[in-house]
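So the chains spell out like this:
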Amino acid sequence: MGKKLIIFLIGFVLVLPLASVLLYTFFQPNTSFVFRQVLAIAPPEKNHQLSFGHHIRFSPRPEEIYPFPIALGEVGPTDSLYSGSRQYPFYCMTLNSNLGQPEIDNQQGYGVAVYDDIKLRHKIIGYSKDCSVKTQLSYFIISEKNVITELKQASFNAAAKRGDNGILKATDKLFRVEHGTINRFIYTIIMPITLAEVDDRLAQSQWNKKLIYQFNGGSGIGYRQGRQTAQRVMARQIPQLLAGYAVISSSGNRTSYTYHMLLAEDTARRVKKQFVSLYSEPLYTVGIGGSGGGLAQYLIAQNSQGILDGLIPLYSYPDMITQTTYALDCDLLNNYFTFRAARKSTWQDWRKRQSIEGLNALNNFPQRSGYLQPINQMMAGFVPSFPTGNSECINGYFGLSSFINNPRQGFIRDFFHQDVVAQVKWSFWQDLSNVLGQDEQGFGLSTWDNVGVQYGLSALVAQQINIEEFLDLNRKVGAWKPQAEMVEESIFTPFGRKLPLWLSLWGNQNITEVMQNRANVNGSKVAQRHTGSIAAMKAAYRSGQVFIGEVSLPIIDVRHYLEEDLDMHHVSASFYSRLRILKRKGQADNHVIWISHKDYSPVNDAFVQMDLWLLAIKNQRVSSNLTTKPSALQDSCFAQDGSILYQGRASWDGHWNGKALGDCQKVYPMYSTSRIQAGGTWAGDLFKCQLMPVKQAIVKGHYGKIQMTLYLKKLQQIFPQGVCDYTKADVSRPANL
């Protein structure tokens, strides 16, 4: 350890001169973005938004008012149909998408500048706040080796002069790609065609009448149009495109750019409307997409009709908003382990950390940014040390609390002028503020709450930690400060903005301090917990941001087993969805879970099975999953070579459903979350627990064999309002769901 510390200190000193030379990078904006920064914020515009006094699935969607299809050379609608007003500022990404500059829509300086010549950038001829592009066609081929290449107009012209079709090999497949903007996002339609159909926009002789809607993931907070290229959309669906499927997608259905699920639904509905108005109704529409692109399918299928007929969510969560409940615990706990624990050395055992965090953690697993720990420890006045392991909380969720929860942070890259940055409250909550609401200062209301949460309760009962560690953890862990009190992260960028040095590790400056607890007569130094907004929680349920299990469409939930890689796409998330469906419907015949070794992908097999399932439903004209689901389609786990290891409903039994471990669970064990480790349910669909006095918790046996009456006073000081009673319903859950 001493040798490592000496090496680090020597390296740090050697780096300082270089850092000083590169300080210019830190103080100057990223010049590659300056010419297309958003320079000013357009004034707000009112637009129709669905009401949700009850659950949004009961709200009829309005009739379409835009005259689809969008003509070639024209721009699509900028206002959404029913998801509320346009969000400003809005960063255009048409250039990133190889579509040229956006259309000019104002001369007042709102949005990004549009130049007479994008390469020379000599003269600004207008501005674009809504980022529209004219609807346009292009052509791509997929070669025998699955290489995707765009065919430029020059290739067609040369072939016409020669009087041949030599631009295509016999094994090449040709596709027509349509790009444009709908709801300000970039949409893509990909249709298989023949060379003879190049000049006919409506030609569809190679289409098998089946449609794929591609969703995509990532973590977004709004304010950006999104990058959308034909090559990227095509690359994800090559086998299906070659089989004759048409594919549609939109940057508005990529959660890297927004988790506003009403806007995502509105956009998906209109993109499909554009497709249908050109080519007629498909036999069916199946969704595909991973992570955020998986949860978007769950929520759109739950909240609306007419967009999807079947779902293939990959690496999915039930939704984003309930995921934040435990994801935002990660940095709180890491801050405690690193800076606040009475005995920091004990938390160098990463398996012990796992007993608190729930998500997997491993000793001797390297951290990509492990050097940040000793830097931050020295700055805080502690003896520096290098991490001896890693966790999913760090490997998967590092920086998430800052990006989605801190309104003072925003984007590290210079998408927006500094004057614009100073005016906007950048957060996941702000992106949803037109459905969750705002406080008196204009900050988006947050659902995150940890009042009464006993972190590490299960570990205490299992004697993985002792009572002193349990009390110290819960006394000091604290919570996220109110958004109005948050400050920007201290991030140093001497090597450019793609390699930032975080000088405020785990967001520690935005975590409540250990201080005198005024709620107790005797007083105790306790870090205050955070109370979430009940109004926001209720709105989250009613607006369809929460997956409540109300879905009957066929679903094949697919993922790789990545727990040993400490990947954030944990296996247990599939079973949170399963539990919510069971809770809502009493059965889950429509929900199949496939999990495979990371070296084998069963996605193409899932398409085959989904095709059989959806065609059976269409042919029988019934929606019964029992009579139409292929008999071979069962919960399964797959080996590295693609063979099925085990299958059947009992194969995945385990702690999540209170049963003995099934065969798949033994091969691919799953982990939990910080809230499950605190005594919460595996369904994870709870924002705010009901509270009970500490005395009552002791009587009910929540602490197992531990004589907690000896520590009653300390517990009451830490939890003056009481502790969570997870046997009761969510305080905020509306009755009319």
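Along each chain, residue indices are assigned from 1 in the same order as the chain's sequence is written. Where local features are concerned, this predicted model is filtered to residues with pLDDT of at least 70; where side-chain atom pairs are given and counted, the filter is 80 or more; whole-chain, interface and lining totals use all residues. Calculation of side-chain values draws on the structure's entire complement of heavy atoms; hydrogens and water are dropped beforehand.

So, about the pairing of strand S4 (residues 148–151). Looking along a regular strand, one sees the side chains alternate between the two faces of the sheet. Only strands joined by at least two bridges in the DSSP assignment are considered to pair. In this text, helices come from DSSP runs of H or I with a minimum length of four residues, and strands from runs of E with a minimum of two, each type numbered from the N-terminal end. Examined bridge by bridge, strand S3 (residues 136–142) and S4 share 4 bridges and lie antiparallel to one another. Residue pairing across strands places Ile141 opposite Thr149, the latter belonging to S4. Between S3 and S4, which pair antiparallel in sequence order, lie 5 residues; one of them, Asn146, sits at a positive phi of approximately 65°.

Turning our eyes to something else, we now look at the environment of Asn208. For Asn208, the position within the fold is in the loop between strand S6 (185–193) and strand S7 (210–216). For the pair formed by Asn208 and Ala243, sequence separation is 35 residues and the distance between their alpha carbons is 7.8 Å. What makes two residues a contact is simply this: any of their non-hydrogen atoms within 4.5 Å. With residues up to four places along the chain from it excluded, the contact list for Asn208 reads Ala243, Gly244, Tyr245 and Leu283. Here Lys210 takes part through its backbone nitrogen, which lies 2.9 Å from a polar atom of the side chain of Asn208. Throughout this description, a polar contact denotes any pair of N or O atoms lying within 3.5 Å of each other; where both atoms belong to protein, one of them has to be capable of donating a hydrogen while the other can accept it, and for residues adjacent in sequence the pair is counted only when both atoms sit in side chains.

Another aspect to go through is the pattern of salt bridges. For this document, the term salt bridge refers to a Lys or Arg side-chain nitrogen within 4 Å of an Asp or Glu carboxyl oxygen. Applying the stated rule across the entire model yields 26 salt bridges. In this structure, Asp472 and Lys476 form a salt bridge, with 2.9 Å as the shortest nitrogen-oxygen distance. On the criterion of helical spacing, the pair formed by Asp472 and Lys476 is a turn pair, its members being 4 residues apart in helix H19 (residues 467–476). Assessed through its relative accessible area of 13%, Lys476 is described here as buried. Among the ionic contacts, a cluster of salt bridges with common partners joins Asp79, Arg86, Lys129, Asp130 and Arg184. Summary of the burial criterion: residues with accessible area below 20% of their type's maximum are buried, those above 50% are exposed, and those between are partly exposed, where the area comes from a 1.4 Å probe applied to protein chains only.

Taking burial as the measure, the 10 residues of H19 include 8 buried ones, the bulk of the element. Taken together, the buried positions of H19 are occupied by Ile467, Glu469, Phe470, Leu471, Asp472, Leu473, Asn474 and Lys476. Sitting at the amino-terminal end of H19 is Asn466, which places a side-chain oxygen 3.1 Å from the backbone nitrogen of Glu468. After H19 finishes, the residue Gly478 shows a positive phi value of roughly 70°.

Here we take up the state of the cysteines. In plain terms, two cysteine sulfur atoms within 2.5 Å form what is called a disulfide here. Taken as a whole, this structure holds 4 disulfides when the rule is applied. Here Cys92 connects covalently by a disulfide to Cys131, the sulfurs 2.1 Å from one another. Between Cys92 and Cys131, the S-S torsion sits near -85°, and that sign places the bridge as left-handed. Within this pair, whereas Cys92 is found in the loop between helix H3 (31–34) and strand S1 (112–115), its partner Cys131 is found in the loop between strand S2 (124–128) and S3, the two being separated by 39 residues in sequence. Taken individually, Cys92 and Cys131 each receive the classification buried, so the pair is uniform in this respect. Between the sulfur atoms of Cys637 and its disulfide partner Cys664 the distance amounts to 2.1 Å. Taking the torsion about the sulfur-sulfur bond, which here is approximately -80°, the covalent link between Cys637 and Cys664 counts as left-handed.

We now examine the layout of surface pockets. What the second largest pocket holds in volume is close to 780 Å³. What lines the second largest pocket is a set of 37 residues, and nearest its centre among them are Arg86, Gln87, Tyr88, Tyr223 and Ser433. As a working rule, the residues Ala, Val, Leu, Ile, Met, Phe, Trp, Tyr, Cys and Pro are called nonpolar, Asp, Glu, Lys and Arg charged, and the rest polar, with Gly in that last group. Within the lining of the second largest pocket, the residues separate by chemical class into 12 nonpolar, 17 polar and 8 charged. With a 1 Å grid spanning the protein atoms alone, the term cavity applies to any set of points in which a 1.4 Å probe fits but cannot get out, the term pocket to an open set with protein on both sides within 12 Å along at least five of seven lines, and the term lining residue to any residue with an atom within 4 Å of a point. Grid points are joined across faces, edges and corners, and a volume is the space filled by probe spheres set on the points.

Let us look at the nonpolar core. For the purposes of this section, nonpolar cores are sets of buried Ala, Val, Leu, Ile, Met, Phe, Trp, Tyr and Cys residues that join through side-chain atoms within 4.5 Å. Grouped together as the largest cluster of nonpolar side chains are 156 residues, with contacts concentrated most on Phe275, Phe470 and Tyr703. Ranked by residues supplied to this core, first place goes to helix H7 (residues 261–279) with 10 residues. Apart from residues no more than four positions distant in its own chain, Phe275 is found in contact with Ile189, Met191, Trp207, Leu211, Ala246, Ile248 and Ser280. Listed in part, the 33 residues of the second largest apolar core include Ile190, Ile238, Leu241 and Val592.

So, on to the packing of aromatic side chains. In this scheme Phe, Tyr and Trp rings, the latter by its six-membered ring, pair at centre separations within 6.5 Å, and the angle between planes marks the pair as stacked below 30 degrees, edge-to-face above 60, and tilted otherwise. Scanning all chains against the criterion turns up 29 aromatic pairs. Geometrically, the ring pair formed by Tyr298 and Phe547 is tilted, given 5.0 Å between the ring centres and 55° between the ring planes. You can see Tyr298 sitting in helix H8 (residues 292–303) and its partner Phe547 sitting in the loop between helix H20 (534–542) and strand S17 (555–560), a full 249 residues away along the chain. For the pair Tyr298 and Phe547, a shared accessibility class is recorded, and that class is buried. By way of ring pairs, the aromatic residues Tyr91, Tyr223, Phe403, Phe411, Phe415, Phe416 and Trp426 are connected into one cluster. A ring is scored as having a charge over it whenever the NZ atom of a lysine or the CZ atom of an arginine sits within 6 Å of its centre and within 35 degrees of its normal. Positioned above the aromatic ring of Phe90 is the side chain of Arg184, whose terminal nitrogen or guanidinium carbon lies 3.8 Å from the ring centre. It is Arg353 that lies over the ring of Trp350; its NZ or CZ is 3.8 Å from the centre.

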